Amino acid sequence: MKRIICLLFLLSLLFVGAVWAGAPQVIKVYSPSMKKQVEAVVVAPKDKSGRHPVVYLLHGAYSNDRKWLEVRPDLPRVADSLGVIFVTPEAYNTWYFDSPMHKNVRYETFLSTELIDYMDSHYATIPNRSGRAIMGLSMGGHGALFTAFRHKDIFGACGSMSGGVDFRPFPDQWFIKNELGEEKTHQEVWDRHVVVNNLDGITNHDLAIIFDCGESDFFLSVNKELHQKLLNKGIDHDFIVRPGGHNNEYWANSFDYQMLFSKNFLNIVSHIDSHIVY
């Protein structure tokens, strides 16, 4: 009986290994600017032939690099279906800044240079902006647009879901003042670090831009403000308001639409299950 149980156990391990051949991989990327290892999760397709576009997915505040697997547990299957590499770096509550307050917080540099260099040297990526998109939710939505707007030579497409694209109405929330200082005494610094004030460096068609927000979301008004500012500058973009709040259910749904948008930019040809919207 014991032999049968052991045999069944071994078979189950083999089965699990086959199913999760393209399972998420936790990596450590050394950041020279921060002088530390930064953890990230990589979800790569099982098909290793050819080069693959990369979508960098950023988490929100009070979260970590595993957040996107919580929002979309099927991320490995999506990677297989689309032939895309997903990367989800950990950034704690830094808002993806190069902080003027702390020399050891350089997540803009990490995202735009160090993580890119690592991925392009360790994986079969498309090593230019035509093969890179960056997206995020909440704090990560801010991080994705902020980074892409300032590094349009690195990223070709960007997306924000429920993004904190202007956090000045929330000066005491989400540890922002830890990285920028108190708003009252560092107003110019805060003004420089919000997405809505970082449009001067981009012109129409520099980036493929998509962002959305739920009708019940506390970030809805600042997303509408960003939409209007982009319209005023004549910068084409997709902006969507749909029912929902600031939660996993909304982001799981939003991910489908943003991947559809990015798929067109990244030239992805997919053969995926019909019940998923892409």
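See the structure shown above.
Residues numbered from 1 in each chain as written. Predicted model: local features only at pLDDT ≥ 70, side-chain atom pairs only at ≥ 80, totals over all residues. Heavy atoms only, no water.

### Considering the pattern of salt bridges
Next, step 1: All told, the structure shown has 17 salt bridges when counted by the stated rule.
Next, step 2: Ionic pairing is found between Asp65 and Arg66, a salt bridge with its closest N-O pair at 3.6 Å.
Next, step 3: Given a relative accessible area of 1%, Asp65 falls into the buried group.
Next, step 4: Residue Asp172 is joined to Lys177 by a salt bridge in which the shortest nitrogen-to-oxygen separation is 3.4 Å.
Next, step 5: Here the salt bridges share partners, and the residues they tie into one network are Lys28, Glu39, Asp65 and Arg66. (Salt bridge = Lys/Arg side-chain N within 4 Å of Asp/Glu carboxyl O. Buried < 20%, exposed > 50% of the residue type's maximum accessible area, 1.4 Å probe, protein only.)

### Here we look at the packing of aromatic side chains
Next, step 1: Here the structure, examined in full by the defined rule, presents 17 aromatic pairs.
Next, step 2: Arranged with centres 5.2 Å apart and planes meeting at 65°, the rings of Trp95 and Phe167 form a pair that is edge-to-face. With Trp95 in the loop between strand E4 (85-89) and helix H4 (107-122) and Phe167 in the loop between strand E6 (157-161) and helix H6 (176-180), this pair connects stretches of sequence that are 72 residues apart.
Next, step 3: Taken together, a centroid distance of 5.8 Å and an interplanar angle of 20° make the contact between Trp174 and Phe218 stacked. Placement of the pair is Trp174 in the loop between E6 and H6 and Phe218 in the loop between strand E7 (208-214) and helix H8 (220-232), with a sequence separation of 44 residues.
Next, step 4: Among the aromatic residues, ring-to-ring pairing joins Trp95, Phe97, Phe146, Phe167, Phe170, Trp174, Trp190, Phe218 and Phe219 into one connected group.
Next, step 5: Looking at Arg242, its charged tip hangs above the ring of Tyr257, at a distance of 4.3 Å from the centre. (Phe/Tyr/Trp six-rings, centres within 6.5 Å; stacked < 30°, edge-to-face > 60°. Helix = DSSP H or I, 4+ residues; strand = E, 2+ residues; numbered from the N terminus. Lys NZ or Arg CZ within 6 Å of the ring centre and 35° of its normal.)

### Notes on the environment of Phe255
Next, step 1: Mapped onto the secondary structure, Phe255 falls in helix H9 (residues 248-266).
Next, step 2: Relative accessible area serves as the criterion here: at 0%, Phe255 is assigned to the buried category.
Next, step 3: For the pair formed by Phe255 and Met161, sequence separation is 94 residues and the distance between their alpha carbons is 8.0 Å.

### Considerations on the pairing of E4
Next, step 1: Of all 5 residues that make up E4, 5 are buried, and the element is covered over most of its length.
Next, step 2: Neither face of E4 is open: one carries Ile85, Val87 and Pro89, the other Phe86 and Thr88, and all of them are buried.
Next, step 3: In this structure, strand E2 (residues 36-43) lies alongside E4, joined through 4 bridges in antiparallel fashion. Among the inter-strand pairings, Val41 is bridged to a residue of E4, identified as Thr88.
Next, step 4: Judged from the 3 bridges that link them, strand E3 (residues 54-58) and E4 form a sheet pairing that is parallel. Paired with Tyr56 across the bridge in E4 is Val87. (Pairing = 2+ DSSP bridges.)

### Some points on the sheet that holds E4
Next, step 1: Pairing within the open sheet is mixed, and its 8 strands lie in the order E1-E2-E4-E3-E5-E6-E7-E8. At either end of the open sheet lies a strand with only one pairing partner, and these are strand E1 (25-31) and strand E8 (238-242). Between one strand axis and the next, the sheet turns through 20° on average, direction left out of account.
Next, step 2: Note that E1 and E2 share 7 bridges and pair antiparallel. Among the inter-strand pairings, Val29 is bridged to a residue of E2, identified as Val38.
Next, step 3: Across the sheet, H8 is in contact with E7 and E8; its angle to E7 comes to roughly 150°.
Next, step 4: Packing of H9 onto the sheet brings it into contact with E3, E4, strand E5 (132-137), E6, E7 and E8, and relative to E7 it is tilted by some 165°. (Axes fitted to C-alpha atoms, helices over the stretch in contact; angles between N-to-C directions. Contact = heavy atoms within 4.5 Å.)

### Digging into H9
Because each turn of an α-helix spans 3.6 residues, side chains separated by three or four positions in sequence point in the same direction.
Next, step 1: End to end, H9 covers 25 Å across 19 residues, agreeing with the expected 27 Å (1.5 Å per residue, within 8%).
Next, step 2: Inspection of H9 places Tyr250, Trp251, Ala252, Ser254, Phe255, Asp256, Gln258, Met259, Phe261, Ser262, Lys263 and Leu266 among the buried residues, and these make up the whole buried set.
Next, step 3: Of the residues trailing H9, Asn267 is marked for its positive phi of about 60°. (Expected span 1.5 Å × (residues − 1).)

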